[in-house]
Amino acid sequence: MTHPPNVRTAPQSAPHHAPPGHPPAQPPAGRGAWAEGRRRLRAAATTEPGRLQIIGAVLAALVVAFGAVTAFEVSARASAADDVVSRSQPLSADAAAIYRSLADADAAASSGFLAGIEEPSDVAQRYEKDIALASRLLVKAATNTDSSSESGQQIALLNEALPYYTGLIESARANNRLGRPLGGAYLRFANDQMSRDLLPAAQKLYDAETARLQQDDDDARFWPVLSLAAGAVAIGALVWAQRRNYRSTNRVFNTGLVAATAATTVLLLWLAVGHTVARAQLNDADLHGQQSLKVLGDARINSLKARANENLTVVARGAVLTNDGKSDKYETDYAVGMKQLGEQLHRAQLLADDGKGRGPVEAAVSAVSEWQERHKDVTRTDRAGDYDGVLRKVIGAEGSTGESFDKVDAALEEALAHEQHEFTAAAKDGRGALSGLPVGAAALGVLGAAGAVLGINRRLSEYR
Amino acid sequence: MTDTKARPSGRRSVRALRGWGGVAGMAAACALTAAVTLLPLSHGGADALTGNTGQALTSAVAAKADTCEDPEASLPPSSAGGPTIDAIKERGKLVVGVDQNSYRWGYRNPVSGGLEGFDIDLARAIAEDIVGSPDAVIFRAIPTNQRITALENGTVDIVVRTMTISCGRIEQVAFSTAYFQAGQQVLASKSSSITGYDTSLAGKRICSAEGSTAYEALEKNSFGATFKDKHDGLPGDEDLYTVPNQLDCLVRLQQGMVDAIVTDNALAAGQAAQDPAVELKGAKPFTTEYYGVATKLGHDDLVRRINQVLVDYRRGAWQKAYDRWLAADLPGITGPPQPKYRN
């Protein structure tokens, strides 16, 4: 693009600082104030005091910029780390608790049903507590979630399906009390709703919340590249300025510039070390906390599903088959759940990084194998047609599969509590490693800039 | 597998030989062996039989067509023993396939925890006769579409489970004489516009048990009603219109997911007994069916023995059982169906 020549004529007043060799006829490039600034700058660059002024200004600007960028970037990292600790991880844990209480309610409802017309009060209470907890956590999750998001949609779905489910369970109970086999059909129908609608929605909610946690975690761990680059540039410029100073004056130290360099270096080191520590802690929280929490949470869900299916095998007694029509659906689902439970516990064992974490997982593993042994006995008893024996071996107080299931559940709860503690401690440490850094960056930036200006001014004064 | 298949066909070919002479008999034997050996063992077996192999049989075996005019005609009664009866006696327990969700027929009383009902009483009577005690019995709850498989693979000795004697089924299992006359009937809310198995079903949603006689009837004529799930028998089966157990239909009806149920009137009466808001529609069943005790094909000694038990049972115990379990919900039945025998 070309401009018509001389549309804007040269400034009317001749430049008073114009060097003698400069041809005044040549029009300055650029426009207005900007052109004026450039011209002045060029003029200043021709004298040593002028050059020193420019260097001082640039150094101060670089150091201040470094401080500002650092304060800004680290604040973002610190707030992401804070989100991990105080917002997204608790929400993910809540989603896991919703998922678990739903599965637990279903297992408790089927256990209570098997016990006959009078449900044992502890089983009934367990069911009530699960439903109450799920409802409460759903409300809490809803207040923290945008209703149009994936989580919001799943929460809405759960809020619709949960009262329907509890209604079906009450129908099952009422019919059972009246001695009607319809109760068993209602119980199976309720379980069907649970496994078709509620549990998948709870799983999606959990997955969405966990993804959000992962996002916050990644944000907090992302290297502050701009700050590091700005720091390197600022230090480089300071070193260059001091070298130049040394060459022209033969003086090794300029106090101001040394102070500026020290402040900048301290800030750069603080930034690098602080963020490395924060990253390491957050990595640790993810690896040893969150991943274990996920595997253990999945294991617990599978143990609950397997328990519900085991109970329903006894309730339905072959009334529902797999799609190929060859085997009992509930017995098959039980076997699938137990297999996954075994695999997840194995992974949890590998992830458990200390004795305190490994203990409960190993207790769960041995309780699972006990459960499977007892279940084989249940199947044998069932084949022999001894229904009372089956009931005793499934929901009895001692020596039953229910007892083994309770052991698994208790062990997994302990393991989960331990991993949750590990996670929170590590993530808090990570967040702590960044605390003070934004304020420190601002202070050190100002300090460094002041040093640079003072140092240059000292040199400048030698020309007056 | 081949062994268990070969035996019944061999037995039948002997019978066919007696009636038809050499050439026809051999042809029948070949056709029958092929048909029975190639039977699919899946739960769709009953449908596959009536649909496909039925045609192959009619041309080859005229004797079959005769039998099928009277599928409920069974072997003459006898109190003699035999290899099957000996095996049961040796075991000391009769293993009976029953339902535990059919109110008044075979159901588990949640109060007592025991199985009760009309079928259960009959099973006990058979156990008493064969093994000597009404308690010498192991009950196994089997689903509707596993009744035949359970007999074929020896999981149970007999099935007493409101099992309808039909032309298709007598190719797969042996039946005793009929112990109850029933028929398919429509069950709906008292306030429903549905009047029975007729055009009032048009546009309605109907529930039936997977692989049941009711489902077969609906396949023949559903009067424009919806009665199939999109993914029947596939992964993702909705289990809305066709369900694993007839009682599941009552849940769907109460939940407003279907408008009517088609099932045996005997079972429908059991459902109506559990829900005072529903009733049987139509003056009488639209089919006539007989319930029989089923055994594995070829267990002739057991069939004859059960028929003997039924001869005695019809004299008084039947009425007692009817009065106890069924009279209230299924009134107007004057007595057991008369037995029919074949030679």
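Engineer: Tell me what's going on with the overall build of chain B, and back it up with residues and numbers.
Structural biologist: Within chain B, the regular secondary structure consists of 12 helices and 13 strands. Split into buried and exposed, the 343 residues of chain B put 54% on the buried side. By sequence separation, contacts in chain B at least 24 residues apart represent 71% of the contacts at least 6 residues apart. Summed over all atoms, the accessible surface of chain B reaches about 13,800 Å², with 53% contributed by carbon and sulfur.

Engineer: Just give me the short version of the side chain of D248(B), but keep the residues and values in it.
Structural biologist: Examined against the element boundaries, D248(B) turns out to sit in helix 9 (residues 246-254). Residue D248(B) is classed as buried on the basis of its relative accessible area, which comes to 2%. Residues contacting D248(B), with those up to four places away along its chain left out, are A185(A), R188(A) and V243(B).

Engineer: How would you explain the interface of chain A and chain B if you had to name every residue and give the values?
Structural biologist: Listed by partner, the interface residues are 30 residues for chain A and 36 residues for chain B. At the boundary of chain A and chain B, one finds 7 residue pairs in polar contact (both at pLDDT 80 or more). Listed by contribution, the elements that provide at least two residues to the side of chain A that touches chain B are helix 4 (150-177), helix 5 (182-221) and helix 7 (255-316) of chain A. Ranked by the residues each element gives to the side of chain A that touches chain B, the list is headed by helix 5 of chain A, at 6 residues. In terms of residue class, the side of chain A that touches chain B is made up of 16 nonpolar, 7 polar and 7 charged.

Engineer: So, the pattern of salt bridges: which residues are in play, and what are the values?
Structural biologist: Across all of its chains, the model carries 45 salt bridges over all chains by this definition. We note a salt bridge from D94(A) to K140(A), for which the minimum N-O separation is 2.8 Å. Placement of D94(A) in helix 2 (residues 48-114) and of K140(A) in helix 3 (residues 121-143) is noted, with a sequence separation of 46 residues between them. Residue class for K140(A) comes out partly exposed when judged on its relative accessible area of 41%. A salt bridge links D129(B) to R305(B); the nearest nitrogen and oxygen atoms lie 2.7 Å apart. Of this pair, D129(B) sits in helix 6 (residues 118-130) while R305(B) sits in helix 11 (residues 300-313), and the two are 176 residues apart along the sequence. Connected via shared salt-bridge partners are E48(A), R51(A), R244(A), R251(A), R459(A) and E462(A).

Engineer: Describe a nonpolar patch on the surface, with residues and values.
Structural biologist: Residues and elements named next belong to chain A. Residues Y246, V252, F253 and V258 make up a contiguous nonpolar surface patch of about 400 Å² in total accessible area. Following the sequence through the fold, Y246 ends up in helix 6 (residues 225-249). The exposure class assigned to Y246 is partly exposed, which follows from its relative accessible area of 39%.

Engineer: Give a detailed account of the state of the cysteines, specifying residues and quantitative values.
Structural biologist: All names here are of chain B. Tallied over the full model, the rule gives 1 disulfide over all chains. Bridging C207 to C249, the disulfide has an S-S length of 2.1 Å. The sign of the S-S torsion, about -80°, decides the handedness of the disulfide formed by C207 and C249: left-handed. Highlighted residues: C207 in strand 9 (residues 206-209) and C249 in helix 9, separated in sequence by 42 residues. The pair formed by C207 and C249 is uniform in burial state, with each residue classed as buried.

Engineer: So what's going on with the sheet that holds strand 11 (residues 260-264) of chain B? Which residues, and what values?
Structural biologist: All names here are of chain B. Spatially, 5 strands are ordered 10-9-11-8-12 in an open sheet, and the strand pairing comes out mixed. Each edge of the open sheet carries a strand with a single partner, namely strand 10 (242-243) and strand 12 (278-281). Together, strand 8 (184-189), strand 9, strand 10 and strand 11 form the strand contacts of helix 8 (residues 213-220), whose direction differs from that of strand 9 by roughly 135°.

Engineer: Explain the side chain of S74(B) residue by residue, including any values.
Structural biologist: All names here are of chain B. Relative to the helices and strands, S74 is located in the loop between helix 4 (62-69) and helix 5 (83-91). Given a relative accessible area of 1%, S74 falls into the buried group. Apart from residues no more than four positions distant in its own chain, S74 is found in contact with F175, S176, T177, V303, N307, K340, Y341 and R342.

Engineer: Break down the nonpolar core for me, citing the residues and quoting the values.
Structural biologist: If you look at the biggest cluster of nonpolar residues, it comprises 99 residues, and the most contacted ones within it are L102(A) and L158(A). With sequence-adjacent residues up to four places away left out, L102(A) is seen in contact with A134(A), L158(A), L162(A), M194(A), L198(A), L199(A) and A202(A). Counting 38 residues, the second largest nonpolar core, distinct from the first, contains I85(B), F139(B), L310(B) and A321(B).

Engineer: Describe in detail the sheet that holds strand 3 (residues 106-108) of chain B, supporting the description with residues and values.
Structural biologist: All names here are of chain B. Strand order in the open sheet formed by 3 strands is 2-3-4, and the pairing between neighbours is antiparallel. Looking along the sheet, the strands with just one partner apiece sit at the ends: strand 2 (101-102) and strand 4 (115-116). In this structure, strand 2 lies alongside strand 3, joined through 2 bridges in antiparallel fashion. Across the sheet, residue N101 finds its bridge partner in strand 3, namely Y107.

Engineer: Tell me about helix 9 of chain B, and name the residues and values.
Structural biologist: Because an α-helix packs 3.6 residues into every turn, residues spaced three or four apart end up facing the same way. Residues and elements named next belong to chain B. Taken across its 9 residues, helix 9 has 8 buried, putting it largely inside the fold. Taken residue by residue, helix 9 has Q246, L247, D248, C249, L250, V251, R252 and L253 as its buried positions. Phi turns positive, to about 75°, at G256, one or two residues after helix 9.

Engineer: How would you explain the confidence of the model for chain A if you had to name every residue and give the values?
Structural biologist: Residues at a pLDDT of 70 or more form 92% of chain A, whose mean pLDDT is 87. Confidence drops under a pLDDT of 50 for residues 1-25 of chain A, and excluding neighbours within four residues, the segment shows 4 contacts in the predicted structure.

Engineer: Pulling in residues and values, what's your account of the packing of helix 8 (residues 329-351) of chain A against helix 9 (residues 355-383) of chain A?
Structural biologist: Residue and element names in this part refer to chain A. Two elements in contact, helix 8 and helix 9, have axes whose closest approach is 10 Å; the angle formed by their N-to-C orientations is 160°. Taken together, the axes of helix 8 and helix 9 lie roughly antiparallel to each other. Here helix 8 and helix 9 pass one another in a crossing that is left-handed. Contacts between helix 8 and helix 9 involve E331, Y334, M338, L341, L345, A348 and Q349 from the first element and R358, V361, E362, A364, V365, V368, W371, Q372, H375 and T379 from the second. Grouping the constituent residues of the contact of helix 8 with helix 9 by class yields 10 nonpolar, 4 polar and 3 charged.

Engineer: Account for the pairing of strand 11 of chain B, with residues named and values stated.
Structural biologist: Two faces, one strand: in a regular strand the side chains alternate between the faces of the sheet. Residues and elements named next belong to chain B. Counting buried residues in strand 11 gives 5 out of 5 residues, a clear majority hidden from the surface. Judged from the 5 bridges that link them, strand 8 and strand 11 form a sheet pairing that is antiparallel. From the neighbouring strand, Q184 faces strand 11, where its bridge partner is D264. Relative to strand 11, strand 9 runs parallel, the two being bridged by 2 bridges. Counted as the bridge partner of I206 is A260 from strand 11.

Engineer: Outline the environment of H275(A), supporting the account with residue identities and numerical values.
Structural biologist: All names here are of chain A. Examined against the element boundaries, H275 turns out to sit in helix 7. Residue classification places H275 among the buried positions, given a relative accessible area of 0%. The sequence separation of H275 and T313 amounts to 38 residues, and the corresponding C-alpha distance is 54 Å. Ignoring sequence-local partners within four residues, the contact set of H275 consists of R77, A220, R221, F222, W223, P224, W270 and L434.

Engineer: Account for the packing of aromatic side chains, with residues named and values stated.
Structural biologist: Tallied over the full model, the rule gives 16 aromatic pairs over all chains. Plain terms: the ring middles of Y103(B) and Y107(B) are 4.8 Å apart, the flat faces sit at 70° to each other, and that makes the pair edge-to-face. Taken as a pair, Y103(B) and Y107(B) share a single burial class, namely buried. A centroid spacing of 5.9 Å and a plane angle of 25° characterise the contact between F180(B) and Y291(B), whose relative ring orientation is stacked. One end of the pair, F180(B), is in strand 7 (residues 173-182); the other, Y291(B), is in strand 13 (residues 289-296), with 111 residues separating them in the sequence. Take F180(B) and Y291(B): they sit in the same class, and that class is buried. In this structure an aromatic cluster arises from ring pairing among W105(B), F118(B), Y179(B), F180(B), Y291(B), W318(B) and Y322(B). Between R173(A) and the ring centre of Y127(A), over which it is positioned, the NZ or CZ distance is 4.7 Å.

Engineer: Break down unusual backbone geometry for me, with residues and values.
Structural biologist: Residue and element names in this part refer to chain B. Of note in this structure, T162 is not a glycine but carries a positive phi near 40°. Its identity as a non-glycine residue notwithstanding, D239 has a phi of 50°, on the positive side. Looking at the secondary structure, you find D239 in the loop between helix 8 and strand 10. Given a relative accessible area of 14%, D239 falls into the buried group.

What counts, and at which threshold
Throughout this description, residue numbers start from 1 for each chain and increase along the sequence as written. Each chain gets a letter, beginning with A, and each ligand a number, beginning with 1, in the order they are written. For a predicted model such as this one, the threshold for reporting local features is a pLDDT of at least 70, and the threshold for listing and counting side-chain atom pairs is 80 or more; totals across whole chains, interfaces and linings nevertheless cover every residue. The side-chain quantities take in all heavy atoms of the structure and omit both hydrogens and water. We count a stretch as a helix when DSSP gives it H or I for four or more residues in a row; a strand needs E for two or more, and each element gets its number in order from the N terminus. Using a 1.4 Å probe on the protein chains alone, a residue whose accessible area is under 20% of its type maximum counts as buried, one over 50% counts as exposed, and one in between counts as partly exposed. The criterion used for residue contact is that any of the two residues' heavy atoms lie within 4.5 Å. Where accessible areas are quoted, they stem from the Shrake-Rupley method and a 1.4 Å probe; at the residue level, only the protein chains shown are allowed to cover. Pairs of N or O atoms within 3.5 Å make up the polar contacts considered here, provided that, within protein, one atom can donate a hydrogen while the other can accept it, and that residues adjacent in sequence are counted only when both atoms are side-chain atoms. Think of it as three bins: nonpolar holds Ala, Val, Leu, Ile, Met, Phe, Trp, Tyr, Cys and Pro, charged holds Asp, Glu, Lys and Arg, and polar takes everything else, Gly as well. Salt bridges are identified by distance alone: a Lys or Arg side-chain nitrogen within 4 Å of an Asp or Glu carboxyl oxygen. A residue counts toward a patch only above 30% relative accessible area and without a salt bridge, and it is joined to like-charged neighbours within 9 Å or, for Val, Leu, Ile, Met, Phe, Trp and Tyr, to nonpolar neighbours within 5 Å. For this text, the term disulfide refers to a pair of cysteine sulfurs within 2.5 Å. When DSSP finds two or more bridges between a pair of strands, those strands are recorded as paired. The angle between two axes is taken between their N-to-C directions and runs from 0 to 180 degrees, where each axis is a line fitted to C-alpha atoms and a helix contributes only its stretch in contact. Only buried Ala, Val, Leu, Ile, Met, Phe, Trp, Tyr and Cys residues count toward a nonpolar core, and they belong to the same one when joined by side-chain atoms within 4.5 Å. Confidence of the predictor in every single residue is expressed as pLDDT, which spans 0 to 100. When describing relative orientation, an angle under 35 degrees is termed roughly parallel and one over 145 degrees roughly antiparallel, while 65 to 115 degrees is termed roughly perpendicular and anything else oblique. Crossing handedness is read from the near helix: turned anticlockwise from the far helix by less than a right angle, it gives a left-handed crossing, and turned clockwise, a right-handed one. For Phe, Tyr and Trp, rings pair up if their centres lie within 6.5 Å, where Trp contributes its six-membered ring, and each pair is then called stacked (planes under 30 degrees apart), edge-to-face (over 60) or tilted (otherwise). By the criterion adopted, a ring carries a charge over it if an Arg CZ or a Lys NZ lies within 6 Å of its centre and within 35 degrees of its normal.

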